Amino acid sequence: LFPYTTLFRSIVLKTVLIIFTVLIFPIFVNFDFLLKKDLKRLFLGVHLFGMIPVAGGYVERGEKEFILHLSEKKAIILPYEKVFSIRKKFKPLKDYHFIGLWLVLDIGSDNGSVTPLAVGGITDYVLSIFKNYFYFSKPYLKINSTVNVFMGEDVFNVYFSGTVVFNFLMVVLSVAKILTEKILYACRKGKKQNQ
């Protein structure tokens, strides 16, 4: 029996180590957004580890909704009121943290005014305050920003990219938190109806 007991313990130990490694293995997700004024579209993409595409498409504005084009034949219509109330549904995701933020702003005017220069200067100043604030509160967060000013050219482009790191253990905890909140909500609702 001794060899089988040793073999069983070895298999259990290896299984636990594999599960633990999978649960804590870091997963990096990149979110990319590109807004181009001339195309009137917001392009977006999601990649794992900066290379593996997960989702992508572009967003256009309708009369009362945003239209998210995922492909030539597939689109999702998002009414304005649902988009602005969606942040409540992402409450459990507040435990996930960005480790990198990148912003590139291209701004310019074709009439040669100094407005783009002023807007670019103000934007750069606000971004420097933003960087200094997070330098002390979140030292692990890397923030890079560039403001490009064009004189004599009507330009407005915004490129934003962010990287979030998490693991399957965080996902399991988030799912548990969501389920717990739903169960508590259902219990409270049931008690109110019984009263």
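Residues numbered from 1 in each chain as written. Predicted model: local features only at pLDDT ≥ 70, side-chain atom pairs only at ≥ 80, totals over all residues. Heavy atoms only, no water.

Engineer: Account for the overall build of the protein, naming residues and giving values.
Structural biologist: Counting secondary structure elements, the protein contains 4 helices and 8 strands. Listing each helix as α and each strand as β along the protein from the N terminus yields α-β-β-β-β-β-α-β-α-β-β-α. Taking all 195 residues of the protein together, 19% fall into the buried category. Contacts spanning at least 24 positions in sequence make up 59% of the contacts within the protein whose residues lie at least 6 apart. With an accessible surface of roughly 15,000 Å², the protein has 68% of that area assigned to carbon and sulfur atoms. (Helix = DSSP H or I, 4+ residues; strand = E, 2+ residues; numbered from the N terminus. Buried < 20%, exposed > 50% of the residue type's maximum accessible area, 1.4 Å probe, protein only. Contact = heavy atoms within 4.5 Å. Areas by Shrake-Rupley, 256 points an atom, 1.4 Å probe, with all protein chains shown as cover.)

Engineer: Tell me what's going on with the pairing of strand S8 (residues 155-166), and back it up with residues and numbers.
Structural biologist: Where strand S1 (residues 27-36) meets S8, 10 bridges bridge the pair, whose relative direction is antiparallel. By the bridge assignment, Phe 31 is partnered in S8 with Gly 162. (Pairing = 2+ DSSP bridges.)

Engineer: Any chance you could break down a nonpolar patch on the surface for me, citing the residues and the numbers?
Structural biologist: Taken together, Phe 20, Ile 24, Leu 169 and Leu 173 make up a surface patch of nonpolar side chains, about 370 Å² in accessible area. Looking at the nonpolar patch, the elements with two or more residues in it are helix H1 (2-24) and helix H4 (168-194). Counting through the fold element by element, Phe 20 comes out in helix H1. (Patch = residues over 30% accessible without salt bridge, like charges linked within 9 Å, V, L, I, M, F, W, Y side chains within 5 Å. Salt bridge = Lys/Arg side-chain N within 4 Å of Asp/Glu carboxyl O.)

Engineer: Any details on the pattern of salt bridges? Residues and values, ideally.
Structural biologist: Tallying each qualifying case throughout the model produces 2 salt bridges. The residue Asp 154 makes a salt bridge to Lys 37 at a minimum N-O spacing of 3.0 Å. In this pair, Asp 154 sits in the loop between strand S7 (142-151) and S8 while Lys 37 sits in the loop between S1 and strand S2 (41-48), placing the two residues 117 residues apart along the sequence. The exposure class of Lys 37 is partly exposed, given its relative accessible area of 43%.

Engineer: Describe the sheet that holds S2, with residues and values.
Structural biologist: Strand order in the open sheet formed by 8 strands is S5-S4-S3-S2-S1-S8-S6-S7, with mixed pairing between adjacent strands. Looking at the sheet topology across the chains shown, the edges are occupied by strand S5 (75-79) and S7. Here the strands of the sheet are splayed against their neighbours by 15 degrees on average, with no regard to which way each runs. Two strands pair when backbone bridges link them, and S2 and strand S3 (residues 52-61) are joined in this way by 7 bridges, in the antiparallel orientation. (Axes fitted to C-alpha atoms, helices over the stretch in contact; angles between N-to-C directions.)

Engineer: For the side chain of Asp 106, give the residues involved together with the corresponding values.
Structural biologist: Turning to its location among the elements, Asp 106 is positioned in strand S6 (residues 97-109). Buried charge without a partner: Asp 106 forms no salt bridge, and the closest opposite charge is Lys 36, 6.7 Å away. There is a polar contact of 2.8 Å between the side chain of Asp 106 and the side chain of Asn 148. For Asp 106, the residues in contact, after removing those within four places along its chain, are Asn 148, Phe 150, Val 155, Phe 156 and Asn 157. (Lys, Arg positive; Asp, Glu negative; His and termini not counted. Polar contact = N/O pair within 3.5 Å; in protein donor to acceptor, adjacent residues only side chain to side chain.)

Engineer: Which residues make up the packing of aromatic side chains, and what values do they have?
Structural biologist: Counting across every chain of the model gives 7 aromatic pairs. An aromatic cluster of at least three residues, connected via ring pairs, comprises Phe 130, Tyr 133 and Phe 134. When the ring centre of Tyr 58 is taken as origin, the NZ or CZ atom of Arg 41, which lies over that ring, is 4.3 Å away. (Phe/Tyr/Trp six-rings, centres within 6.5 Å; stacked < 30°, edge-to-face > 60°. Lys NZ or Arg CZ within 6 Å of the ring centre and 35° of its normal.)

Engineer: Give a description of helix H3 (residues 115-137) that names residues and reports values.
Structural biologist: Taking 1.5 Å of rise per residue, the 23 residues of H3 would be expected to cover 33 Å, and the 33 Å separating its terminal C-alpha atoms lies within 8% of that figure. Here H3 has its buried residues at Pro 116, Gly 120, Leu 127 and Phe 134. Contacts made by the buried residues of H3 are with S6 and S7. (Expected span 1.5 Å × (residues − 1).)

Engineer: Residues and numbers for the nonpolar core, please.
Structural biologist: One finds Ile 27, Val 29, Val 46, Tyr 96, Val 164 and Phe 166 forming the largest nonpolar core, which totals 6 residues. For this core, the secondary structure elements donating two or more residues are S1 and S8. Excluding its chain neighbours within four sequence positions, the residues that come into contact with Tyr 96 are Val 164, Phe 166, Met 170, Val 171 and Ser 174. (Core = buried A, V, L, I, M, F, W, Y, C linked by side-chain atoms within 4.5 Å.)

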